[in-house]
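Listed below, chain by chain, are the residues.
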Amino acid sequence: MGKKPNLTGLTRFLPQDFLNPNTTSLSEKPQNQSKPAKKRKTDNGPVRTRYDATALVPHYTTAHEVPENLQKYFAQRKRYFSLYDQGCLLDEEGWYSVTPEDIAVQIADRCRCDTILDPFCGVGGNAIAFAKTCEHVIALDISPTRLALARHNAAIYGVADRIEFILADYISFANAYLSRPHPRRRIDVVFLSPPWGGPGYISPYENTDFQDDPETHPQYSLSRIQPIHGADLFRLTKRISDNIAYFLPRNTDLNEISALDLLEKDESVTPDDEPRMIEVEEEWMGSKLKALTCYFGGLVAGQEHVF
């Protein structure tokens, strides 16, 4: 991996008219700090930093404190964050959308690189894992609360100094980044984990979580991805990097995923060139299929040469 660049002032990616209260960095360093921060050894100690967000949401310690609609998620709290008891925080959306830690670690190992973009970071489950395998993590979210919770959780895991937290919507960020003729920093990998549509994504007719049998539910269409059609989101992201990990519901229509291969092909490739492949990885925990991670570009096993 290349030399670690200074990520201070990441908002330099953005034109001045984009620098508004809706697009701010939550981890800017003092102006007089000119050298990159050294890597810090991760530690498992409790939060004792200025990133403490305990006033924003409750930290449930016993089941009787938890609202009824979150009970089933609370039972899995240590699958989401192994250090949950040390103060990890989740808002209501975070409880049903955070990636289980073991899965996040698996994905992060596949996505090793210098700089990775996590444009829908939520409460930070994936960003924390990426901070342990990548030199720099750029984490975006449109919710100031979830972004603060992500930074709080990253501090518990000892990796907050490796993540640049930015309050911004991904579409605006991507367009602004792409509008610069010569971006100062190259983004090597993009991890796409956009909103799937809430706990009822598995079926548009019933509110059931992703632990149920996927064969009993209709296929999930990329058209339900938020904030834009999943294929359009992929198309925009591919302009930033060919190396994409797309985290999708386990019942996603595989025909739609394979159709993304048409977007993956470079127009400069001739018919005699080796075709690009897509790798679909099933994410299991025990006997439960949780999700699919679809790898593109140099993240595909055996296709690392195109990274």
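Each chain has its residues counted from 1, running along the sequence as written. Totals for whole chains, interfaces and linings use every residue, but because this is a predicted model, local features are given only for residues with pLDDT of at least 70 and side-chain atom pairs only at 80 or more, for both listing and counting. Heavy atoms from the whole structure form the basis of all side-chain values; hydrogens and water molecules are not counted.

All right, on to the state of the cysteines then. Formally, a disulfide is one covalent bond, and it connects the sulfur atom of one cysteine to the sulfur atom of another. Cysteine sulfur atoms are paired as a disulfide whenever they come within 2.5 Å of each other. According to the stated counting rule, one finds zero disulfides in the structure shown. Free of any disulfide, Cys 113 has its nearest neighbouring cysteine sulfur in Cys 134, separated by 3.8 Å. For Cys 113, a relative accessible area of 3% puts it in the buried group. Summary of the burial criterion: residues with accessible area below 20% of their type's maximum are buried, those above 50% are exposed, and those between are partly exposed, where the area comes from a 1.4 Å probe applied to protein chains only.

Salt bridge, as applied in this entry: a Lys or Arg side-chain nitrogen positioned within 4 Å of an Asp or Glu carboxyl oxygen. Evaluated as defined, the whole model comprises 10 salt bridges. Across the salt bridge formed by Asp 85 and Lys 78, the nearest N and O atoms sit 2.8 Å from each other. Given the relative accessible area of 46%, Lys 78 is considered partly exposed. A salt bridge links Arg 146 to Glu 93; the nearest nitrogen and oxygen atoms lie 3.3 Å apart. Here Arg 146, found in helix H6 (residues 144-156), pairs with Glu 93, found in helix H3 (residues 92-97); they are 53 residues apart in sequence, far enough to count as distant. When its relative accessible area of 28% is taken as the criterion, Glu 93 is described as partly exposed. Each of Asp 91, Glu 93, Asp 141 and Arg 146 takes part in salt bridges that share partners, so that together they form one network. Going along the chain from the N terminus, every DSSP run of H or I of four or more residues is numbered as a helix, and every run of E of two or more is numbered as a strand.

Here we take up the packing of aromatic side chains. Any pair of Phe, Tyr and Trp rings, taking the six-membered ring for Trp, is counted once the centres come within 6.5 Å. Such a pair is stacked with planes under 30 degrees apart, edge-to-face with planes over 60 apart, and tilted for the rest. Taken as a whole and assessed by the stated rule, the structure comprises 13 aromatic pairs. On the basis of an interplanar angle of 65 degrees and a centroid distance of 5.2 Å, the ring pair of Phe 130 and Phe 191 is categorised as edge-to-face. You can see Phe 130 sitting in helix H5 (residues 125-130) and its partner Phe 191 sitting in strand E5 (residues 189-192), a full 61 residues away along the chain. With respect to burial, Phe 130 and Phe 191 carry one shared label: buried. Ring geometry for Phe 234 against Phe 296: centres 4.6 Å apart, planes inclined by 55 degrees, an arrangement best described as tilted.

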